[in-house]
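Next come the chains, spelled out residue by residue.
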Amino acid sequence: MAGRINDDDVKAVRDAVPIDSVVSEYLQLRSAGGGNLKGLCPFHDEKSPSFQVSPGKGLFHCFGCQEGGDTIAFVMKIDHLSFSETVERLAAKAGITLRYEEGGYNPSHQRGERIRLIEAHQAAADFYVRALESPEAEIGRKFLAERGFDQDAATHFRVGYSPAGWDHLTRYLRGKGFSDKELITSGLSQDGRRGPIDRFRGRLMWPISDTAGEIVGFGARKLRDDDNGPKYLNTPETPIYKKSQVLYGIDLAKKDIAKASRAVVVEGYTDVMACHLAGVTTAIATCGTAFGNDHIKILRRLLMDNGSARVIFTFDGDSAGQKAALRAFEDDQKFAAETYIAIAPDNMDPCDLRLAKGDDAVRDLVEPRTPLFEFALRQIVGRYDLETPAGRAAALDEAAAVVAKIKTSSVQREVAVQLAGFVGILDQEFVVRRVAQLARWARDKGGDGRGDPRRGRGPGGPQDRRGGTPQQPVQAPAAPSGPALNLRSPAHRTERELLKLALQKPALVSPAFDAYGADEFTAPPYAAVRQCIAEAGGAERGLGDNREYLVAVMDAAPNNTVRSLVTELAVEVFMGRTIDETYAGMQLVHVRLRAVDRRINEVQGSLARLGSNVAPDDLAAAQNEVWVLQQYAQSLRAKGADAL
């Protein structure tokens, strides 16, 4: 084995790769105030952003699902990588050469599976691009030219060609050091009679990248009549390629999607190319599967679900396109964005439209005109004879069942009113009542999943596990590490604020904070965090490299629950407006004063319970302790932080 990665190199990787730049590859971030950024959490579904990133501290934390950590933890979680795989990937991004404890550099064949598969796909993409220049690939170049794509377009989208022989790519990748097992696992090769052979042969090749821009698969288009395979052949499901979780062109479109709060969903690779070349740089496509839940999650994180966000579908007007539109409408409510459908004249796709009428026609096509719900309902209603009462009743029954699935009551009512107009029923309230009735029936049977179990999660929400941010204190459910944290409790509020100071601004509370014992924190979870700080070297350690200090505190956490609370406190905003020495002194005094008062009450309570059974020496010692504590408490109240 190559051995453990050198600790200094791990630290160098953490410092070299800004967490906000990494997270921004997966979701859109906006200012959350206080130097923090926020976005929709990639680890659970939510309607409002509770996921926060602190670039200055190199940490992220979700106040909804409690996931948190540093850059390495984020990449490990979102891409399902091991620690070493993640560090290697980030090191490659930063141009850092890693050292390993047992000597030497990490041999390529010992690297993590995901990294090896990504590297194989990168090498394959380069091979295919070069092959497109070969005489054999003339048929591929002709295919592109006939669709309006020149060499510059092919280069921009990294379109390539897979030679028609049995094992050209397989032999090439073997020469690069990839094993037969890796080639089969990657989906680039498949088992043949005498060993691995190329999966893609004699086809035009489009590389499919994930949101981070890493190539995870390929889409291959048939070029020859003697090719008995399907028109389009995609990479099979592999450890790095899940067709329901990738969108072709997302690596090129993500920044413009986030910037414009708009996404255009087309049906094919050439349609994406045509749109981008026509100036519609927010176009993406699914890869051989219907547009579904996982695709929606990708777009929602980029669109941030703001009120002006729009998603435009460009389905064909044929029966298959109509079915696709209806499926999309089923998922429409999972967007906070407005959804529209665009159908070109003569049912042309964007690629054909660009060829026939130019770039302006493509740009005009995707200007939203018809709301998706309107198109979907008209497709349903259009199947019935609305000239007869029976036809109108049947159309209403089918369409009303679709409208009843809309979860937001105000939207449901508005669409129901419009449905009445589509069907030709003058009594709009009758249609509204019918839709509401169907919705109740479905809800009673549990069939529509009505209500979001995560509703209200996030900072300040009623289901935030620890009560969210202190600005809206609530009683939180019990955490595994101790009793519930009640942020209506002045003690809990102050203890939380002091820990935030110790983590975020240690210079304001050091060295006084380091003299505080874990028993001065009444909430067990807070006492656990205090213990982590102590084991990491105390708040005084944070006076140097704050990031290194926070990593040390997280490393000292005994479990994920405490580690999550550390990241939560490290990114959460403060209650006060002005965070200075005076504010910090107030928190130090309040926590210490409550601890002193608790000790006085404990001693006096013990004396009262024992009564005359106390030995004279013990009585004198206890009374002296109470007197000393009372004097200290009086000094704290009179002098504040100067008495610490």
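Everything here concerns the structure above.
These notes cover the structure that comes with them. (Residues numbered from 1 in each chain as written. Predicted model: local features only at pLDDT ≥ 70, side-chain atom pairs only at ≥ 80, totals over all residues. Heavy atoms only, no water.)

1. Looking at the overall build of the chain
Selection rule: Segments assigned H or I by DSSP are reported as helices when at least four residues long, segments assigned E as strands when at least two residues long, and all are numbered from the N terminus. Here the term buried applies to any residue with accessible area under 20% of the maximum for its type, exposed to any over 50%, and partly exposed to those in between, with areas from a 1.4 Å probe on protein chains only. In what follows, residue pairs with any heavy atoms lying within 4.5 Å of each other are defined as contacts. Each accessible area is a Shrake-Rupley estimate made with a 1.4 Å probe; only the visible protein chains count as cover when residues are assessed.
Regarding its fold elements, the chain presents 25 helices and 16 strands. The buried share of the chain, reckoned over its 644 residues, is 51%. A separation threshold of at least 6 residues defines the contact pool for the chain, and within that pool the share at least 24 residues apart is 65%. Carbon together with sulfur atoms contributes 49% to the accessible area of the chain, which is approximately 28,900 Å² in total.

2. Observations concerning the pairing of strand E8 (residues 195–198)
Under the convention used in this document: Two strands qualify as a pair provided that DSSP identifies no fewer than 2 bridges between them.
Bridge count between strand E7 (residues 189–192) and E8: 4 bridges; the pairing is antiparallel. What sits directly across from Gln190, in E8, is Ile197. What sits between the antiparallel neighbours E7 and E8 is a turn of 2 residues.

3. Re helix H19 (residues 428–444)
Which entries qualify depends on this criterion: Helix span, expected: 1.5 Å multiplied by one less than the number of residues in the helix. The arc in question is formed by the directions pointing from the helix axis toward the C-beta atoms. N or O atoms closer than or at 3.5 Å make up a polar contact, with two conditions inside protein: a donor-capable atom paired with an acceptor-capable one, and, for residues adjacent in sequence, both atoms drawn from side chains.
Look at H19: 25 Å from first C-alpha to last across 17 residues, which is about the 24 Å you get at 1.5 Å a residue. Burial in H19 covers these residues: Val431, Val432, Val435, Leu438 and Ala439. Taken around the axis of H19, the buried residues stretch over an arc of 130°, which confines them to a single face. Buried-residue contacts for H19 involve helix H17 (389–403) and helix H18 (409–423). Looking at where H19 begins, the residue whose side-chain oxygen comes 3.3 Å from the main-chain nitrogen of Glu429 is Asp427.

4. Here's the deal with the packing of aromatic side chains
Where we set the bar: The criterion for an aromatic pair is that two Phe, Tyr or Trp rings (for Trp, the six-membered ring) have centres within 6.5 Å, with stacked assigned to planes under 30 degrees apart, edge-to-face to planes over 60 apart and tilted to the rest.
Under the criterion given, the structure shown has 16 aromatic pairs. Taken together, a centroid distance of 5.1 Å and an interplanar angle of 90° make the contact between Tyr128 and Phe218 edge-to-face. Linking Tyr128 in helix H5 (residues 113–131) with Phe218 in strand E10 (residues 215–222), this pair joins segments that are 90 residues apart in sequence. Across the pair, Phe218 and Tyr128 agree in class, each one buried.

5. Description of the packing of helix H3 (residues 71–79) against helix H4 (residues 83–94)
Stated precisely, the cut-off is as follows: To get an axis, a line is fitted to the C-alpha atoms, and for a helix only the part in contact is used. The angle between two axes follows their N-to-C directions and goes from 0 to 180 degrees. An angle below 35 degrees is read as roughly parallel, one above 145 as roughly antiparallel, one from 65 to 115 as roughly perpendicular, and any other as oblique. Take the far helix as your reference; a near helix turned counterclockwise from it by less than a right angle gives a left-handed crossing, and one turned clockwise gives a right-handed crossing. Amino acids are sorted into nonpolar (Ala, Val, Leu, Ile, Met, Phe, Trp, Tyr, Cys and Pro), charged (Asp, Glu, Lys and Arg) and polar (every other residue, Gly among them).
At their nearest, the axes of H3 and H4 sit 9 Å apart, and the two run at 110° to each other. Considered as vectors, H3 and H4 are oriented roughly perpendicular to each other. With respect to the hand of their crossing, H3 and H4 are arranged in right-handed fashion. For the pair formed by H3 and H4, the contact residues are Thr71, Ile72, Val75, Met76 and Asp79 on the first element and Phe83, Thr86, Val87, Arg89 and Leu90 on the second. Split into classes, the residues belonging to the contact of H3 with H4 amount to 6 nonpolar, 2 polar and 2 charged.

6. A closer look at the packing of helix H1 (residues 7–16) against H4
One can describe the packing of H1 onto H4 by two numbers: an axis separation of 9 Å at closest approach and a directional angle of 55°. Relative to H4, the element H1 lies oblique. Read as a crossing pair, H1 and H4 show a hand that is left-handed. Where H1 approaches H4, its residues Val10, Val13, Arg14 and Ala16 are matched on the opposing element by Phe83, Val87, Leu90, Ala91 and Ala94.

7. Focus on the sheet that holds strand E1 (residues 30–33)
Read across the open sheet, the 5 strands follow the order E1-E2-E3-E4-E5; overall the sheet is antiparallel. Across the chains shown, the open sheet's two edge strands, defined by having one partner strand only, are E1 and strand E5 (68–70). Each strand of the sheet is rotated relative to its neighbour by a mean of 25°, with strand direction disregarded. For strand E3 (residues 51–54) and strand E4 (residues 59–62), the ladder comprises 4 bridges, and the chain directions are antiparallel.

8. Concerning the sheet that holds E10
What the 4 strands build is an open sheet, ordered E6-E9-E10-E11; its pairing is antiparallel. Each edge of the open sheet carries a strand with a single partner, namely strand E6 (160–162) and strand E11 (232–234). Across the sheet, the axes of successive neighbouring strands diverge by a mean angle of 35°, strand direction being ignored. In this sheet, E10 lies alongside strand E9 (residues 203–209) in antiparallel orientation, the contact comprising 7 bridges.

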